[in-house]
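What follows is each chain in one-letter form.
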Amino acid sequence: MIITFGTQKGGTGKTTLAIAFANYIAMSSERNVNVFDFDFQKSFYHKWKEDELLEIPKLYDVEIIDEENKQPFSDFEHLIEMKESEDVNVFDLAGTLDAKYSDLLIYSDFIVIPFEYSNVSAKSTLVFINFLGLLESQAERIFIRSKYDKGYKYQNQEGMDSEISKYGLLLKSPVFKRNCLQTIDTRKLTYEQKYAVKNSFLELTEYINKCLEITL
Ligand SMILES: Nc1ncnc2c1ncn2[C@@H]1O[C@H](COP(=O)(O)OP(=O)(O)O)[C@@H](O)[C@H]1O
Ligand SMILES: [Mg+2]
């Protein structure tokens, strides 16, 4: 299967959530996890490389998708193979819309879209949703409230929630703003980090299991 973390805005927590999710699945499931860093900044890949210094075994490999290659999936069969594979193939994208993402966004099984309620983020999320619509992507859209501040009353929350719920699943549990997530690495989840993402990921994996009729 292919699970892609993407949206049209940088800094919303895509890479943090992609790392947390890859770690979480690698630690809790029998399945192989493969990660593909499709962001020109390669933050996931760099972190994974840096973590080679840690004395903890790696949980998965991370591959860079070649930026030079305008059509990384012109080898279409490879993409379909990944989709049909039992492995959990996780993609982390940049916060820019780009035609080179089209095939991946069309053929992902799930697109996980972290968002915040700031006006800028709300607008970008809607642009991204629209982009997926134009691509006629059949992927299930899953929205996660990212860096959520429990003590704050977001003025546009109600309107935004009802709008995005038309396009996919909005996870009930937010991922709260937590300092522990700022020091996440690719080899473990601390107790605190696991606690920060657990409820959202339980909902997410339950939904994946239901849609694909599998057990992660
Ligand atoms: N839930 C969170 N709580 C606190 N900080 C977060 C959280 N999620 C992400 N961050 C921080 O926000 C910044 C941007 O996150 P990142 O995952 O790199 O976003 P993106 O990949 O969408 O650009 C990073 O400094 C990261 O540590
Ligand atoms: Mg990123």
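Residues numbered from 1 in each chain as written. Chains lettered and ligands numbered in written order. Predicted model: local features only at pLDDT ≥ 70, side-chain atom pairs only at ≥ 80, totals over all residues.

The protein carries the name ParA family protein in an unreviewed UniProt entry, which gives Chryseobacterium terrae as its organism.

Explain the sheet that holds strand β4 (residues 88-93) to me, please; I cannot follow it from the model alone.
The strands that make up a sheet pair up through hydrogen bonds in the backbone, lying either parallel or antiparallel. One open sheet holds the 7 strands; their spatial order is β3-β2-β4-β1-β5-β6-β7, and the pairing between them is parallel. At either end of the open sheet lies a strand with only one pairing partner, and these are β3 (61-64) and β7 (169-170). Where strand β1 (residues 2-5) and β4 come together, 4 bridges link them in parallel fashion. Bridge pairing links F5 to D92 in β4. Relative to the sheet, helix α2 (residues 43-50) contacts β2 (33-38), β3 and β4, its axis offset from that of β3 by approximately 135°. (Pairing = 2+ DSSP bridges. Helix = DSSP H or I, 4+ residues; strand = E, 2+ residues; numbered from the N terminus. Contact = placed C-beta atoms within 7 Å. Axes fitted to C-alpha atoms, helices over the stretch in contact; angles between N-to-C directions.)

I'm lost on the site of ligand 1 in this one. Help?
By nearness alone, 16 residues border ligand 1, and G13, K14, T15, T16 and Q182 come closest of all. At 3 residues, helix α1 (residues 14-28) tops the list of elements feeding residues into the shell around ligand 1. The residue inventory of the shell around ligand 1, partitioned by class, reads 2 nonpolar, 10 polar and 4 charged. (Near = placed C-beta within 6 Å. Nonpolar A, V, L, I, M, F, W, Y, C, P; charged D, E, K, R; others polar.)

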